[in-house]
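# Observations on the model geometry
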Number of protein chains: 2
Amino acid sequence: MRIHELNFVSGGLPGDGKVGFMEHKITFKISPTESVEITAVTGEKLLDIARKANVAIDAPCSGNGSCGKCRVKLLEGEVESRKTRHITDEEYAEGWRLACESKIADSDIVVEVPDIASAYRSRMKIADLSDTREVEIFNTTKTAIFGTGIETGTALKTVTVQLTEPTLDDAMSDIERLGMELEAQLGESVVPTHFALAKLPQTLREAAFNVTCLCERRNGALILLDVWNAAEAHKICGAAIDIGTTTVAAVLVDLETNEIIAKASSGNGQIRYGADVINRIIEATRPGGIEKLQKAVIEETISPVLLNMCRSAGIPKTNIYRFAVAGNTTMNHLFTGVNPEFIRMEPYVPAFMEINGLFAQDMKLPAHPNAEVIIAPNIGSYVGGDITAGTLASMMWTSEEMALFIDLGTNGELVFGSADFMMSCACSAGPAFEGGDISCGMRATDGAIESCTIDKDTYKPTLGIIGPEGQKPIGLCGSGLIDTVAEMFRCGIINPLGKISIEGERVREDEYGMKSYVVAFADESDTGREIALTETDLDNFIRAKGAIFSAVKTMLESLDFSVDIITKVIIAGGIGSGINIKNAIRIGMLPDIDTEFYSYIGNSSLSGAYAMLISDAARDKVTELARNMTYMELSSNPGYMDEFVAACFLPHTNAALFPSASEE
Amino acid sequence: MRIHELNFVSGGLPGDGKVGFMEHKITFKISPTESVEITAVTGEKLLDIARKANVAIDAPCSGNGSCGKCRVKLLEGEVESRKTRHITDEEYAEGWRLACESKIADSDIVVEVPDIASAYRSRMKIADLSDTREVEIFNTTKTAIFGTGIETGTALKTVTVQLTEPTLDDAMSDIERLGMELEAQLGESVVPTHFALAKLPQTLREAAFNVTCLCERRNGALILLDVWNAAEAHKICGAAIDIGTTTVAAVLVDLETNEIIAKASSGNGQIRYGADVINRIIEATRPGGIEKLQKAVIEETISPVLLNMCRSAGIPKTNIYRFAVAGNTTMNHLFTGVNPEFIRMEPYVPAFMEINGLFAQDMKLPAHPNAEVIIAPNIGSYVGGDITAGTLASMMWTSEEMALFIDLGTNGELVFGSADFMMSCACSAGPAFEGGDISCGMRATDGAIESCTIDKDTYKPTLGIIGPEGQKPIGLCGSGLIDTVAEMFRCGIINPLGKISIEGERVREDEYGMKSYVVAFADESDTGREIALTETDLDNFIRAKGAIFSAVKTMLESLDFSVDIITKVIIAGGIGSGINIKNAIRIGMLPDIDTEFYSYIGNSSLSGAYAMLISDAARDKVTELARNMTYMELSSNPGYMDEFVAACFLPHTNAALFPSASEE
């Protein structure tokens, strides 16, 4: 510890004389072998110091003390930290603290930081076609898309040729020999890629001059992508990738049969640079930031996913000849290494909506270097390719019915319309539906409470828990949260503002007067810690559901429609599969229309990307849908804030909007 | 030293019992800090061991003891080595030996190997526009090419646009905003490269939305290569590169003014894998060989040359938007990383003649990743892009005159014809004209004897030496060699077979009966060693000149022409500038026609590449010339060997072909 003296210059600064203050060494242990050191002064918050030191600490509530996620373990020294309900006494004794609640006192400290990337992975439920139900939904979507007259098939085309072998009198070059035969068969000349040319001499001779060629038409020219021995089996593959802010899911597809031959998913390696797109953009604007974030998603996330799929399918990476990628606007920018800075600054301008002419080698993807990388177009700063691809999968463009498509991911995106027109917007619902911002929130994995009913008299909940028989609860996932809040509201445990208005053994009140409702007592839970919803959690949740509904409302208002016009609601995203629609309506999250109108289509971004991968017509359709979709920027819409405030109420300040809830 | 025992299996092997032999450790010191170790057995030749160990030793005569270039210095141990005229007694005492003449005796040894790459560099005279005379010739060639109606100008095109700045009501994406304005100005849409897109958001805002765009038409599409602040100076550059087997020469060109803004040259880093194309091809067929040779020419040779030029011109490497490259067929294959294996095997088939659609990123050239790499087309296994580009520079295609174009590099290539037809062939003249294969041979640098006259009575030569006043001779360069041989023949020192037929103080005879003629005594030379031409040197030289003339003769014969038809001879290559045509005719190397018909055009490969760089019309012209040129494969021509044998005589077995020589 050193006493550091600074001479402040006179003027508007805190002092004009000498000031002495305490400087301490802060050591973050980020893995068993890695540490980051930085100096900080007395009074600085640990979370702020970590951010300055580029150390990733999960803090979805941005450090306001509500989510309890930014736990770190003090190994040496002491911090000034208020007591918080997120840390048990036992944990406190072990050294656990919330980084956002800890200030540097008068010692150097050493803290251990949990690995967020692996924490996210363990918390995640990825819509990655890993279970039968997802595969069924995927197949239904696929059948629907290609049942509309959209044909499968791409510009990739194989031709097998038998060349005459060269002699002294016929010593034309290998590529000329091949090119002449291809021209004879195809009626036009081909432009060889460097890749095809480099392997041509050996291939021709190993194949006794009987080879299969893979060509693709691009900008009017016919490109020769690859050449192989006609006598050998050779799979022509493509990969569809959904790049989510939190997770990446991909499928490897045999482009001749359109069958999925491998699937894989992973947490998005960018997670350590922030949980949401805003934090990622901020990180990207730092020097070297774009390269760092691009590397995190490509080299650390997508490349291993692709290589794993290639390994499991038994194909070399260079057999991947085409990509279809869907991500939100920020993810699309960071994936392509394009500066996303201006997405978050008024007037919210992305660098691109549509982008063509990208190839694997531009982004160092492990694949054929000239594989085209097709990116589902963005339509605005916060409605990206995941939604335009998802809109294809929603099928709402096929009918005159007024439909609403909702993708509930880290952000909430909506598309409203029909075959005649479509309008789209995004709202920052926050991560509540994915387990963030809620003290006992978690992803829909084993131990998650996915459903809940509460006895009106005893206030005792009956829980549905994901996992094997006898699994004890760990926390609440999105659908469980919706159920619990709806049931608490129905039973009068909370009032329309989300404040707890009863007393009893299930209600706690902390020293600050904040109440909570115990969903499971410590001895009932898998962790030995109580699972409880606090008023802060309820507040966060109500804001999230309010964001969704007010977005729907604002968009409909702008068209002079009321929610009654909707006869179809398509829900996508990880949350959707277990959601109790009746409860979601009851709390004022989703429009109060016939629950029969609701359906769930899984990871629509991945389904849409798959369709674009196997079909140029589907690709064109997505582009057409995107071009015809109107984008509404909610953050600059003057009416949205009023709608949002009105929606932060159970079910809504205007109860007439939720007649079925009022009936009860 | 260890006694090593091997059990040979019975059969066709040397023994069927146990054999004991001596194994020794051989250490090659290849630099002050690097060594390569290998074991070898008694009796093995040091040159062979070096090749096995992948240690490069210069041996243009392939180890037959004639060139004296494979000198190594013995630091420890002893070898069995016959005395050779290439090593003086003093040098021998210092440890100098010829690797090809040294066999492992009964000790471990340590030898120092001179760095061939730097040795070649120091010996080299590169036609790289580094002197005024070369620049004059270059300018004359440039004026001639573009005086024929061929226009300068490429498909690269700049457009400056002022965009309206985005607002909340006009939040279209950056690329869409730019694309619409470009489409308005150009009448068609543009396809952005990844490079342009990635820098677009910052550039637009730094430039207050006033930017200059660089576009290029490719396969019918208009590609957006780059975008920059319109208020800032930005050079649009290209690079022309001549890839010689021995040396690489390049110029950096401002594509708006077509001025050369930097020039540089370097020894070809592949030299350590062999002096000629055949050895390079053999090396390329080893595992990893193609990558190794490509790396040697690109990463180790061309990249530093380009980066040096960028530095001296003060431009970033990404301002290089176009390349024009000319090399022989093998160099073109190795540059592009394409297997050259089948070039040297009957029926001598290259992988490509013409190649299009190559970009800087395919070959990891330091430049804009999408810079097109234009490669002058090959026309056969041994007549490549250096000759087709050179043919453009020769101007022989502009007239009805029957012209002969000769490029004298490591190989000799010939083109014969006129505006109506052209025929081409190559002969392996060997490196004699560049100082190889001749014991006292050297490049045309300081100390080289570049001209010589001999007194018929005293046999005393009068020498012209390159270098400052008072420079003493070191060796003979190509033109000096031609003069000396011609004068020795004129004075009767040698007979038509190249055997020395006089006696006197200038004639030596070694213990094997081989005679030599002393051009400079030890005390007259700069090195203190005698400069002498041996009968082996004379033999090598006569074969070289015979190869050239017999190629001319065979080509003309095949068309039923005699040399009298020729009214123009254009000579290119490093040798040409100082050549005494009269002497070259006198020895039967060049056709005996009016010396006024002869001219010299310098590095025609680089001049041609430059023309292709600055002009699409010139590029098309080279392609047209190549397509219309007939290639004659001499190695499979039955008459060539007879012609060659007849030409290995001074001036020729048929003296009637050289009337001017016979007159004397």
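Scroll up to find the structure this text is about.
Here goes a summary of the coordinates provided.

### A word on the pattern of salt bridges
All names here are of chain A. Under the criterion given, the structure shown has 44 salt bridges over all chains. For Asp254, the salt bridge identified is with Lys235, shortest N-O distance 3.6 Å. In this pair, Asp254 sits in strand β14 (residues 247-254) while Lys235 sits in the loop between β12 (221-229) and β13 (237-243), placing the two residues 19 residues apart along the sequence. Of the charged contacts, one joins Lys621 and Glu624 as a salt bridge, the two residues approaching to 3.2 Å between their closest N and O atoms. One end of the pair, Lys621, and the other, Glu624, are both in helix α15 (residues 616-628), 3 residues apart, so they sit about a helical turn from each other. Take Lys621: its relative accessible area is 17%, and that puts it in the buried class.

### Quick notes on helix α4 (residues 132-145) of chain A
Residue and element names in this part refer to chain A. If you check α4, its first and last C-alpha atoms are 20 Å apart, about what 14 residues at 1.5 Å a residue would give, namely 20 Å. Every buried residue belonging to α4 is among Glu134, Ile137, Phe138, Thr141 and Ile145, and all of these are buried. Taken end-on, α4 shows its buried residues confined to a sector of 100°, consistent with a single buried face. In α4, the exposed positions that point more than 90 degrees away from the buried face belong to Thr132, Thr140 and Thr143. Elements that come into contact with the buried residues of α4 comprise β15 (259-267), α10 (385-394), β28 (598-600) and α14 (604-614).

### Regarding the relation of the copies chain A and chain B
Aligned on chain B, chain A shows an RMSD of 0.2 Å; the corresponding rotation is 180° and the shift along the axis is 0.1 Å. Interpreted geometrically, this transformation is the action of a two-fold axis. Counting the interface residues of chain A, we find that 98% of their copies in chain B are interface residues as well, pointing to one common contact surface.

### Quick look at the interface of chain A and chain B
On the chain B side, the residues contacting the 42 residues of chain A number 41 residues. Buried surface at the junction of chain A and chain B, summed over both partners, amounts to about 3,400 Å²; 65% is from carbon and sulfur atoms. Our enumeration of links across chain A and chain B arrives at 0 salt bridges. Where chain A packs against chain B, one counts 12 residue pairs in polar contact (both at pLDDT 80 or more). Per-element tally for the side of chain A that touches chain B: the top contributor is helix α6 (residues 194-206) of chain A, with 6 residues. Its residues assigned to classes, the side of chain A that touches chain B comprises 23 nonpolar, 13 polar and 6 charged.

### Observations regarding the pairing of strand β22 (residues 461-465) of chain A
When strand β21 (residues 448-454) of chain A meets β22 of chain A, the two strands line up antiparallel, connected through 5 bridges. When the sheet's bridge partners are listed, Ile454 of chain A is paired in β22 of chain A with Pro461 of chain A.

### Quick look at the environment of Arg619 of chain A
Residue and element names in this part refer to chain A. Residue placement: Arg619 occurs in helix α15. Separated by 295 residues in the primary sequence, Arg619 and Ala324 have C-alpha atoms spaced 8.9 Å apart. Not counting chain neighbours up to four residues away, the residues in contact with Arg619 comprise Arg322, Asn356, Glu372, Ile374 and Met612. Of note is the side chain of Arg619, whose polar atom sits 3.2 Å from the side chain of Asn356.

The rules behind these values
- Residues numbered from 1 in each chain as written.
- Chains lettered and ligands numbered in written order.
- Predicted model: local features only at pLDDT ≥ 70, side-chain atom pairs only at ≥ 80, totals over all residues.
- Heavy atoms only, no water.
- Salt bridge = Lys/Arg side-chain N within 4 Å of Asp/Glu carboxyl O.
- Helix = DSSP H or I, 4+ residues; strand = E, 2+ residues; numbered from the N terminus.
- Buried < 20%, exposed > 50% of the residue type's maximum accessible area, 1.4 Å probe, protein only.
- Expected span 1.5 Å × (residues − 1).
- Arc of directions from axis to C-beta.
- Contact = heavy atoms within 4.5 Å.
- Least-squares fit on C-alpha atoms with pLDDT ≥ 70 in both.
- Buried area = accessible area lost by both parts, 1.4 Å probe.
- Polar contact = N/O pair within 3.5 Å; in protein donor to acceptor, adjacent residues only side chain to side chain.
- Nonpolar A, V, L, I, M, F, W, Y, C, P; charged D, E, K, R; others polar.
- Pairing = 2+ DSSP bridges.

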